[in-house]
Amino acid sequence: MALTEASLEAKIRESYPDATHVQVFDISGGCGASFEVVIVSPSFEGKTTLKRHKEVNAKLAEEIASLHAFTQKTYTPKQFEGIKITTA
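The following refers to the structure shown. None of these values were measured; they are calculated from a predicted model. (Residues numbered from 1 in each chain as written. Predicted model: local features only at pLDDT ≥ 70, side-chain atom pairs only at ≥ 80, totals over all residues. Heavy atoms only, no water.)

Considering the pattern of salt bridges
- A complete count under the given rule lists four salt bridges for this structure.
- A salt bridge links Glu 9 to Arg 13; the nearest nitrogen and oxygen atoms lie 3.0 Å apart. Of this pair, Glu 9 and Arg 13 both sit in helix H1 (residues 5-15), four residues apart, roughly one helical turn.
- Judged by relative accessible area, which is 25%, Glu 9 ranks as partly exposed.
- With its nearest N and O atoms 3.7 Å apart, the salt bridge here joins Glu 14 to Lys 11. In this pair, Glu 14 and Lys 11 both sit in helix H1, three residues apart, roughly one turn of the helix. (Salt bridge = Lys/Arg side-chain N within 4 Å of Asp/Glu carboxyl O. Helix = DSSP H or I, 4+ residues; strand = E, 2+ residues; numbered from the N terminus. Buried < 20%, exposed > 50% of the residue type's maximum accessible area, 1.4 Å probe, protein only.)

Structural data, given as structure tokens:
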């Protein structure tokens, strides 16, 4: 089954129940092969960007395996203040 923005967002919210913001963009032109995600969670506090990305990759390993491309932006709530997110 191909991933959709909604199904990927649901998996992220399941993996990060404390997330204050989750946004998923299908950047493949609608075929579901490439996604960009933004995740804002207090659980990222004190972790480097690399550690955050490895954690997300581990939690979404099954979903990522079926994709051509996966881009992530991870922030703490404090870091996310004032950031304006636009579609890729």
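Read on for the rest.
What about helix H2 (residues 49-59)?
- Every buried residue of H2 is accounted for by Arg 52, Glu 55 and Val 56. Taken end-on, H2 shows its buried residues confined to a sector of 95°, consistent with a single buried face. Exposed residues on H2 whose side chains face more than 90 degrees from its buried face are Leu 50, Lys 51, Lys 54 and Ala 58.
- For H2, the secondary structure elements touched by its buried residues are strand S2 (34-40), strand S3 (69-75) and helix H4 (77-80). (Arc of directions from axis to C-beta. Contact = heavy atoms within 4.5 Å.)

As for the nonpolar core
- One finds Leu 8 and Ile 12 to be the most contacted residues of the largest nonpolar core, which totals 15 residues.
- Counting residues per element, the ones that place at least two in this core are H1, strand S1 (21-26) and S2.
- The element best represented in this core is S2, accounting for three residues.
- Ignoring anything within four residues of it in the chain, the contact list for Ile 12 reads Val 22, Val 24, Val 37, Ile 39 and Leu 60.
- Core analysis: the next-biggest nonpolar cluster, separate from the first, contains five residues, Phe 25, Val 40, Tyr 75 and Phe 80 among them. (Core = buried A, V, L, I, M, F, W, Y, C linked by side-chain atoms within 4.5 Å.)

Here we look at the sheet that holds S2
- Within the open sheet, the three strands sit side by side as S1-S2-S3. Their pairing is mixed. The open sheet has two edge strands, S1 and S3, and neither has a second partner. Strand after strand, the sheet turns through a mean of 10° between neighbouring axes, direction not considered.
- The pairing of S1 with S2 spans six bridges and is classified as antiparallel. The partner of Phe 25 across the bridge, within S2, is Glu 36.
- Contacting S1, S2 and S3, H1 runs over the sheet at an angle of about 150° to S1.
- Sitting on the sheet, H2 touches S2 and S3, and the angle it makes with S3 is about 130°. (Pairing = 2+ DSSP bridges. Axes fitted to C-alpha atoms, helices over the stretch in contact; angles between N-to-C directions.)

In short, geometric facts, not functional conclusions.
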